[in-house]
Amino acid sequence: MNLKQIIEKLNLKVIAAEDSVDVEVKGGYVSDLLSDVMANARNKSIWITLQMHQNIIAVASLKEIAGIIIVNGRKPDEETIKKAEEQKIPLLLSDLPAFEIAGMLYSMGISG
Amino acid sequence: MNNNSVLFEEDFKIKGWDFTNAGEASLKIKNYLKEVGIAENILKRVAITSYEAEMNIVLYAKEGTINFKVTPKKVLLEVKDRGPGIEDVELAMKEGYSTATEEIRNMGFGAGMGLPNIKKNADMFVIKSEPGKGTKLNIEVYLK
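Scope of this entry: the structure provided in the associated data block. This one's a predicted model, so the numbers in the text were calculated from it and none came from an experiment.

### Notes on the overall build of chain A
Here's step 1: Summing up its helical and strand segments, chain A has five helices and five strands in all.
Here's step 2: Taking 112 residues into account, the globule formula puts the C-alpha radius of gyration at 13 Å, and chain A, at 12 Å, falls close to it.
Here's step 3: Sorting the 112 residues of chain A into buried and exposed places 55% on the buried side.
Here's step 4: Sequence separation of 24 or more characterises 49% of the internal contacts of chain A that already satisfy a separation of 6 or more.
Here's step 5: When the accessible surface of chain A is totalled, it reaches about 5,100 Å², and 49% of it is carbon and sulfur.
Here's step 6: Positive and negative side-chain charges of chain A, numbering 12 and 15 respectively, have mean locations separated by a distance of 4 Å.

Rendered as C-alpha cells:
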C-alpha cells in the first residue's frame, strides 16, 4: 500500500518530508525502543512510536523506514523535523494512541 | 588480490552526548556499502552493529573513534572510546541488562539490547574494557 493512501485514510498530519510520501509501505512496526527497531523492523515499514527525539530519524534512515507515525498527539521538536527533512523521512502525526493506529493499518492489510 | 588487502578505509570521530551527529557515521558506512553493491542482508547486519557501537559512545563515553575497513572477504569495525569502561562485560552482554540513566531510557535507549544486538549480527565480535579508561570493540561481518 502507498504511504499517501495511509496518510489520507488515517488522517495523519505530515510535518516533514512531504515530497517523500509517494512510497510503497511493506509492513509495520510498533516500538519505542530504538535498538528494538534497529534489530527487528523490516525495510520499507511504517514505524509507530511515541518517541520524538531526533535519534528516531537516524534509525529510520538506517532501516529505510517508509515513514514514522508519532502517536498520542505528541509534537516533535525542531531538530527532529529538520533531520527528517534532510534524510527524507516522512514524519506523520496522529492524536490516536499506538494501538488504534496499528489496528487500523492491520485492517488495511499492512502486517508486521 | 590478497584477501586481506584493504579496499576501503575510513575513520570517524564520535563525540559523547552529541545527538545532532549521532548516527551519522553509521549512515555513511551503510551508504558506502550500498553504493558498492553489498548484499542487503550484509548491509543490515553491519548497520545494526555500527549503530549500536556508535550510540554506545554517544550515550556513555566522552569520545571515541570508529575505524571502518572493507576487504574482499569482510567488513571490519574497530570501535574505541575514552569513557567509563564496563565493570562486568559478561553481565553487559546479557539481553536486558543496562546501566542507562532515566534520561537515556526516556530517549528510547538503554533497553539492554545494544551489545547483544552486535553479537547476534557479527560473525566475529571481541569486546575489551578497562573500567575508568574505556572500551574497545572489534566487529567483523563476512561478505559471504
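Let's pick the thread back up.
### A word on the layout of surface pockets
Empty space among the atoms becomes apparent when a probe as large as a water molecule is rolled across them.
Here's step 1: For the largest pocket, the calculated volume is near 650 Å³.
Here's step 2: Surrounding the largest pocket, 33 residues form its lining, Asn56, Tyr60, Ile86, Thr99 and Leu115 of chain B being those nearest its centre.
Here's step 3: Only α2 (40-60), β3 (74-82), α3 (89-92), α5 (114-121) and β5 (134-142) of chain B provide two or more residues apiece to the lining of the largest pocket.
Here's step 4: When residues of the lining of the largest pocket are assigned to their parent elements, the largest contribution, seven residues, is made by α2 of chain B.
Here's step 5: Lining of the second largest pocket is provided by 18 residues; of these, Glu64, Ile65, Gln87, Lys88 and Ile89 of chain A occupy positions nearest its centre.

### Considerations on empty space enclosed by the protein
Here's step 1: All chains considered together, the criterion is met by one cavity of 30 Å³ or more.
Here's step 2: Within this model, the largest cavity holds a volume of roughly 60 Å³.
Here's step 3: Met38, Asn43, Leu62, Lys63 and Glu64 of chain A together with Lys30, Glu40, Leu43, Lys44, Ala47 and Ile48 of chain B together form the lining of the largest cavity.
Here's step 4: For the lining of the largest cavity, the leading source of residues is α2 of chain B, giving five residues.

### Re the packing of aromatic side chains
In this description, an aromatic ring pair is defined by two values, namely the gap between the centres and the angle between the planes.
Here's step 1: According to the stated counting rule, one finds four aromatic pairs over all chains in the structure shown.
Here's step 2: Each member of the aromatic cluster is reached from another via a ring pair, and the members are Phe8, Tyr32 and Phe68 of chain B.

### Some remarks on the nonpolar core
Here's step 1: Membership of the largest hydrophobic core comes to 63 residues, with the highest contact counts inside it found for Ile68 of chain A together with Leu33 of chain B.
Here's step 2: Sorting elements by how many residues they give to this core places α2 of chain B first, with 11 residues.
Here's step 3: By size, the runner-up hydrophobic cluster in this structure holds 17 residues, among which are Leu12, Val71, Leu105 and Met108 of chain A.

### Notes on the sheet that holds strand β3 (residues 45-49) of chain A
Residue and element names in this part refer to chain A.
Here's step 1: Strand order across the open sheet formed by five strands is β1-β5-β4-β3-β2, with mixed pairing between neighbours. Of all the strands in the sheet, just β1 (13-16) and β2 (27-30) have a single pairing partner and so form its edges. Across the sheet, the mean angle from the axis of one strand to that of its neighbour is 25°, orientation sign disregarded.
Here's step 2: The sheet contact formed by β1 and strand β5 (residues 91-93) spans three bridges and is antiparallel. Counterpart to Ala16 in the pairing with β5 is Leu91.

### Remarks on unusual backbone geometry
Residues and elements named next belong to chain A.
Here's step 1: Positive phi, normally seen in glycine, also occurs at Asn72, with a value near 60°.
Here's step 2: In this structure, Asn72 sits in the loop between β4 (67-70) and α4 (78-87).
Here's step 3: Judged by relative accessible area, Asn72 falls into the partly exposed class, the value being 41%.
Here's step 4: The phi angle at Lys88 is positive, at roughly 60°, despite the residue not being glycine.
Here's step 5: Within the element layout of this structure, Lys88 appears in the loop between α4 and β5.

Rules used in this analysis
- Residues numbered from 1 in each chain as written.
- Chains lettered and ligands numbered in written order.
- Predicted model: local features only at pLDDT ≥ 70, side-chain atom pairs only at ≥ 80, totals over all residues.
- Heavy atoms only, no water.
- Helix = DSSP H or I, 4+ residues; strand = E, 2+ residues; numbered from the N terminus.
- Rg over C-alpha atoms; globule rule 2.2 N^0.38 Å.
- Buried < 20%, exposed > 50% of the residue type's maximum accessible area, 1.4 Å probe, protein only.
- Contact = heavy atoms within 4.5 Å.
- Areas by Shrake-Rupley, 256 points an atom, 1.4 Å probe, with all protein chains shown as cover.
- Lys, Arg positive; Asp, Glu negative; His and termini not counted.
- Charge placed at Lys NZ, Arg CZ, Asp CG, Glu CD.
- 1 Å grid on protein atoms, 1.4 Å probe; cavity = no way out; pocket = protein on both sides within 12 Å on 5 of 7 lines; lining within 4 Å.
- Points joined across faces, edges and corners; volume = space filled by probe spheres on them.
- Phe/Tyr/Trp six-rings, centres within 6.5 Å; stacked < 30°, edge-to-face > 60°.
- Core = buried A, V, L, I, M, F, W, Y, C linked by side-chain atoms within 4.5 Å.
- Pairing = 2+ DSSP bridges.
- Axes fitted to C-alpha atoms, helices over the stretch in contact; angles between N-to-C directions.

Nothing here speaks to function; it is all geometry.
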